[in-house]
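Fold and geometry: a report
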Amino acid sequence: MFQSFFPKPKLFFLSAFLWSLAAILAWYGFAEGLTETLGFGTPPQGEQPPIGLPYFVTPDFLWFYIYYGICTLLFGGFWWMFSRDHRWQIWSIWGSSLIIFMTYYSVQVSVAINNWRRPFFDTLQNALNGEESGVTAADFYNLMLIFAQITSVWVILYIFTRFFVSHYVFRWRTAMNDYYVEKWSNVRHIEGASQRIQEDTMRFASIMEGLGVAFIDSIMTLIAFLPVLFALSSHVSSLPIVGEIPAPLFTAAIIWSLFGTVLLGLVGIKLPGLEFHNQRVEAAYRKELVYGEDHEDRANPATLRELFGFVRQNYFRLYFHYLYFNLARGIYLQSDNIFSYFILIPTIVVGKITFGIVQQILTAFSQVSSSFQFLVNSWTTIIELLSIYKRLKGFEVSIAERELAVAGGTTPEPGAQA
């Protein structure tokens, strides 16, 4: 699954994680502060960042573009030297870096929209106060034009990202397909080999296309919005029940999101195994039916009833476990809809913040909490991916066992299960 597309996958992913962590720590530790020193200009001062397209060409952003490019060139250059013979490294290394950058840029578009919310909703609040507010229709038209400019960037970026990711994932599927097909002489006798190569690689690629981008988007959203939420915490002095705490919005978002992740992880812990077993009983039932097409002594009613009984039993177990999983998930997600309002009640009732700041806080809190809740929102898809991963992993183990048997001069028995 991975070695076909990534060079030395275990070492690659470990090095990618450590390099990314080091780059992030270096950026927030000292590199971000070098903007003016390196001659990119003076970063905008004040509490409110630029509104609209100027947000993307501030000195900080210009320096970040170069910083990201340098980090990518160093990492990619290192792997280029040690894996020149790997067929897919241009896609797996440089393509992955491009996807991460485009995802981060897309998240920054969301930050720019959140910055726009404050002046728009403050203008709306002032306009509702009466004719003496001084707000004109032109003020709203100008703000809406700025919004259109920001969203046009998002639309263009979204189209290009989805197009590139689709090609990226299909290259990954191609790499897996070529890897398995090259071993066809040792694969063809494994039970379910055709289904593993065609169906499971297709489903693996399809799920990774959506789930992988969603995971990267969650990480990038946390990196972009956690500082925003930390800064907005200055407008909130205390929280219900607990009172005053440091960085209240930041702390509440982390605790609430981790609570949901742990809760759903615990109540759904049995589901991946049941989904995997479900594929086994379905495969056994399908296999007997296929044999029955060519052999009169197979697929008799008694055998089919027994095999379908196993299918029925496993589905009913799945339904039961999904019952309490969906109950916990539903209660948590519905509570999440009002949690951000709940923690703002002490601040709202004393009138310490404007409508625009409230909108900024709600959006930023929602972005951070939804990113932390990646497992909560994607749990059923993750379960399906884990099931596919187990089947392909078993398939690869069967291939390795047959190759060892052939190398040892023994003839492996046909029909080994994947």
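Residues numbered from 1 in each chain as written. Predicted model: local features only at pLDDT ≥ 70, side-chain atom pairs only at ≥ 80, totals over all residues. Heavy atoms only, no water.

**Regarding the overall build of the protein**
When helices and strands are counted, the protein shows 11 helices and 0 strands. Going from N to C terminus, the protein has its helices and strands arranged as α-α-α-α-α-α-α-α-α-α-α. Projected onto its principal axes, the C-alpha positions of the protein cover 90 × 50 × 40 Å. Here the protein, with 418 residues, has 42% of them falling under the buried criterion. A separation threshold of at least 6 residues defines the contact pool for the protein, and within that pool the share at least 24 residues apart is 79%. Accessible surface, the protein: about 22,600 Å² in total, of which carbon and sulfur atoms supply 65%. Of note, the protein has its 27 positive side-chain charges centred 8 Å away from the centre of its 31 negative side-chain charges. (Helix = DSSP H or I, 4+ residues; strand = E, 2+ residues; numbered from the N terminus. Buried < 20%, exposed > 50% of the residue type's maximum accessible area, 1.4 Å probe, protein only. Contact = heavy atoms within 4.5 Å. Areas by Shrake-Rupley, 256 points an atom, 1.4 Å probe, with all protein chains shown as cover. Lys, Arg positive; Asp, Glu negative; His and termini not counted. Charge placed at Lys NZ, Arg CZ, Asp CG, Glu CD.)

**Quick look at a nonpolar patch on the surface**
A grouping of Ile241, Val242, Phe342, Ile345, Val349 and Val350 is seen on the molecular surface, where their side chains present a nonpolar patch of about 630 Å² in accessible area. Using a relative accessible area of 51% as the deciding quantity, one classes valine 350 as exposed. (Patch = residues over 30% accessible without salt bridge, like charges linked within 9 Å, V, L, I, M, F, W, Y side chains within 5 Å. Salt bridge = Lys/Arg side-chain N within 4 Å of Asp/Glu carboxyl O.)

**Brief notes about the pattern of salt bridges**
Tallied over the full model, the rule gives 2 salt bridges. The closest approach of N and O atoms between arginine 298 and glutamate 288, which form a salt bridge, is 2.8 Å. Of the two residues, arginine 298 sits in the loop between helix H8 (271-294) and helix H9 (301-349) while glutamate 288 sits in helix H8, which places them 10 residues apart along the sequence. Given a relative accessible area of 10%, glutamate 288 falls into the buried group.

**Considering the packing of helix H1 (residues 9-29) against helix H2 (residues 59-82)**
One can describe the packing of H1 onto H2 by two numbers: an axis separation of 11 Å at closest approach and a directional angle of 155°. Between H1 and H2, the interaxial angle falls into the category roughly antiparallel. Here H1 and H2 pass one another in a crossing that is right-handed. Two secondary-structure elements touch here, H1 through Leu11, Phe12, Ser15, Ala16, Trp19, Ala23, Ala26 and Trp27 and H2 through Asp60, Trp63, Phe64, Tyr67, Cys71, Leu74, Phe75 and Trp79. A breakdown of the residues in the contact of H1 with H2 according to their chemical character gives 14 nonpolar, 1 polar and 1 charged. (Axes fitted to C-alpha atoms, helices over the stretch in contact; angles between N-to-C directions. Parallel < 35°, antiparallel > 145°, perpendicular 65-115°, else oblique. Left-handed = near helix turned anticlockwise from the far one by under 90°. Nonpolar A, V, L, I, M, F, W, Y, C, P; charged D, E, K, R; others polar.)

**Some details on the UniProt feature "transmembrane region" (unreviewed entry) in the protein**
Mapped onto this numbering, the UniProt entry annotates "transmembrane region" (unreviewed entry) at residues 62-81, 88-107, 140-165, 211-233, 245-269 and 338-358. Across residues 211-233, the secondary structure splits into 96% helix and 0% strand, with the terminal C-alpha atoms separated by 31 Å. For residues 245-269, the end-to-end C-alpha separation is 34 Å, with 80% helix and 0% strand making up the annotated structure. (UniProt positions renumbered as here; feature names shortened; annotations may be inferred.)

**A closer look at the side chain of serine 15**
Tracing the chain through its elements places serine 15 in helix H1. Every residue in contact with serine 15, bar those within four places of it in the chain, is listed here: Phe75 and Trp79.

**Structural notes on the packing of aromatic side chains**
Per the stated rule, a full pass over the model turns up 52 aromatic pairs. Between tryptophan 154 and tyrosine 158, the aromatic rings sit 5.0 Å apart at their centres with planes inclined by 15°, giving stacked as the arrangement. Taken together, the residues span about one helical turn, with tryptophan 154 and tyrosine 158 both in helix H4 (residues 137-182) at a distance of 4 residues. The exposure class assigned to tryptophan 154 is partly exposed, which follows from its relative accessible area of 35%. Here tyrosine 158 falls in the partly exposed class, since its relative accessible area comes to 44%. Taking 5.5 Å as the distance between ring centres and 55° as the angle between the ring planes, the aromatic pair formed by tyrosine 285 and phenylalanine 308 counts as tilted. One end of the pair, tyrosine 285, is in helix H8; the other, phenylalanine 308, is in helix H9, and 23 residues separate them in sequence. Residue class for phenylalanine 308 comes out partly exposed when judged on its relative accessible area of 43%. (Phe/Tyr/Trp six-rings, centres within 6.5 Å; stacked < 30°, edge-to-face > 60°.)

**Notes on the confidence of the model for the protein**
Here the protein averages 82 in pLDDT, while 92% of its residues score no lower than 70. Per-element averaging of pLDDT across the protein places helix H5 (residues 184-187) at the bottom with 71 and H1 at the top with 90. (pLDDT = per-residue confidence, 0-100.)

**Considerations on unusual backbone geometry**
The phi torsion at lysine 8 lies on the positive side, around 45°, for a residue other than glycine. Relative to the elements of secondary structure, lysine 8 occurs in the segment before H1. Despite not being glycine, isoleucine 241 has its phi angle at roughly 70°, a positive value. Here isoleucine 241 lies in the loop between helix H6 (193-232) and helix H7 (248-267). Of the residues examined, isoleucine 241 reaches a relative accessible area of 83% and is grouped as exposed.

**Quick notes on the environment of alanine 127**
Mapped onto the secondary structure, alanine 127 falls in helix H3 (residues 89-128). Take alanine 127: its relative accessible area is 28%, and that puts it in the partly exposed class. Sequence separation between alanine 127 and alanine 137 is 10 residues; the distance between their C-alpha atoms is 9.6 Å.

**Re H3**
For an α-helix, 3.6 residues make a turn, and residues three or four places apart therefore share a direction. The first and last C-alpha atoms of H3 sit 58 Å apart over 40 residues, in line with the 58 Å expected at 1.5 Å per residue. Along its length, H3 shows its largest kink, about 30°, at glycine 95. (Expected span 1.5 Å × (residues − 1). Bend = angle between axes of the 7 residues up to and from the residue.)

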